[in-house]
Amino acid sequence: KPAGPVALSSEPASFPFLMPDGVSLRYYIPTTGGIYETNFAGTQVKAVARIKPRAVGISWSHAGNVIIARYVGANIRYDLATGTSRTLDAKIRTPILSPVGDDVAYIFYDETTGEGNISVADSEFKAYKTVMQTRSTDWTMAWAGSDQLLLKSTAENGFDTIIGLKISTKELMPIIRDLYQ
């Protein structure tokens, strides 16, 4: 039994993901673009895929076979099982895959009009639903179940607002709003 933490990779790794089996972990090597899978002892490492290096964020599907890698200026959807990839529309920002289903939430923002919306699509982006209109690209989003998103916005004065957004009804539920005078 190890006396302390076990290095799972000899290189700096990012964006770990616990696989549904609960005993293996996938991770990304930003310098090479390698995606690997290992057990928690780091003794059974296998290469899964190679994607574009230097992603600034990765969102994993619930099964770990589809990812959306965020790069400066682009988002790319990778299907690790088939080895296919597709660059997403440049108006799509901060896409996040659902941890419990096959949906992806994102901000769709048109720079020329200054208008946008928060939308949910299937993971292949074949069909989508606009959930809320917005003029801000500063939302931070997280899934809070299969039908709800948590949205966080920070005002210029540093105060945060966090709201829940029920996807099916488009209902907004205030959760935290910093009070100030």
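Structure: see above.
Residues numbered from 1 in each chain as written. Predicted model: local features only at pLDDT ≥ 70, side-chain atom pairs only at ≥ 80, totals over all residues. Heavy atoms only, no water.

Peer 1: Mind showing me how you'd approach the sheet that holds strand 11 (residues 115-122) here?
Peer 2: Working definition: the strands of a sheet are paired by backbone hydrogen bonds and lie parallel or antiparallel to each other. Read from one edge to the other, the open sheet built from four strands follows the order 9-10-11-12, with strand pairing classed as antiparallel. Of all strands in the sheet, those bounded by a partner on one side alone are strand 9 (92-97) and strand 12 (128-134). When strand polarity is set aside, the average angle formed by the axes of neighbouring strands in this sheet is 20°. One ladder, built from four bridges, connects strand 9 with strand 10 (residues 103-110); its direction is antiparallel. What sits directly across from Ile92, in strand 10, is Phe108. (Pairing = 2+ DSSP bridges. Helix = DSSP H or I, 4+ residues; strand = E, 2+ residues; numbered from the N terminus. Axes fitted to C-alpha atoms, helices over the stretch in contact; angles between N-to-C directions.)

Peer 1: Which parts of the structure should I look at to understand the environment of Thr38?
Peer 2: By the element assignment, Thr38 lies in strand 3 (residues 34-39). For Thr38, a relative accessible area of 1% translates into the label buried. Sequence-wise, Thr38 and Met19 are 19 residues apart; in three dimensions their C-alpha atoms are separated by 9.9 Å. Thr38 has contacts with Leu8, Val23, Ser24, Leu25, Tyr27, Thr43, Gln44 and Val45, leaving out every residue within four places of it along the chain. (Buried < 20%, exposed > 50% of the residue type's maximum accessible area, 1.4 Å probe, protein only. Contact = heavy atoms within 4.5 Å.)

Peer 1: Quick question: what am I supposed to make of the nonpolar core here?
Peer 2: The nonpolar side chains of a soluble globular protein tend to be buried with one another. One finds Ile118, Leu149 and Leu151 to be the most contacted residues of the largest nonpolar core, which totals 16 residues. Those elements that place two or more of their residues in this core are strand 10, strand 11, strand 12, strand 13 (140-143), strand 14 (148-154) and strand 15 (160-166). Element by element, the count of residues in this core is highest for strand 10, at three residues. Ile35, Ile58, Tyr71 and Leu80 belong to the second-largest nonpolar core, a separate cluster that totals 14 residues. (Core = buried A, V, L, I, M, F, W, Y, C linked by side-chain atoms within 4.5 Å.)

Peer 1: Hey, could you run me through the pattern of salt bridges in this one?
Peer 2: Once the charged atoms of two side chains with opposite charge are near each other, the side chains can pair. Applying the stated criterion across every chain, the model contains six salt bridges. Of the charged contacts, one joins Glu111 and Arg93 as a salt bridge, the two residues approaching to 2.2 Å between their closest N and O atoms. Here the residue Glu111 occupies a position in the loop between strand 10 and strand 11, and Arg93 occupies one in strand 9, the gap between them amounting to 18 residues. Across the pair Arg135 and Glu115 runs a salt bridge whose closest N-O atoms are separated by 3.4 Å. (Salt bridge = Lys/Arg side-chain N within 4 Å of Asp/Glu carboxyl O.)

Peer 1: Could you clarify how one ought to interpret the sheet that holds strand 7 (residues 74-79) in this entry?
Peer 2: Pairing is antiparallel across the open sheet formed by four strands, whose spatial order is 5-6-7-8. The open sheet terminates on both sides in strands that have one partner only, identified here as strand 5 (57-60) and strand 8 (84-87). Between one strand axis and the next, the sheet turns by 20° as a mean value, whatever way the strands run. Judged from the four bridges that link them, strand 5 and strand 6 (residues 66-71) form a sheet pairing that is antiparallel. Counterpart to Ile58 in the pairing with strand 6 is Ala69.

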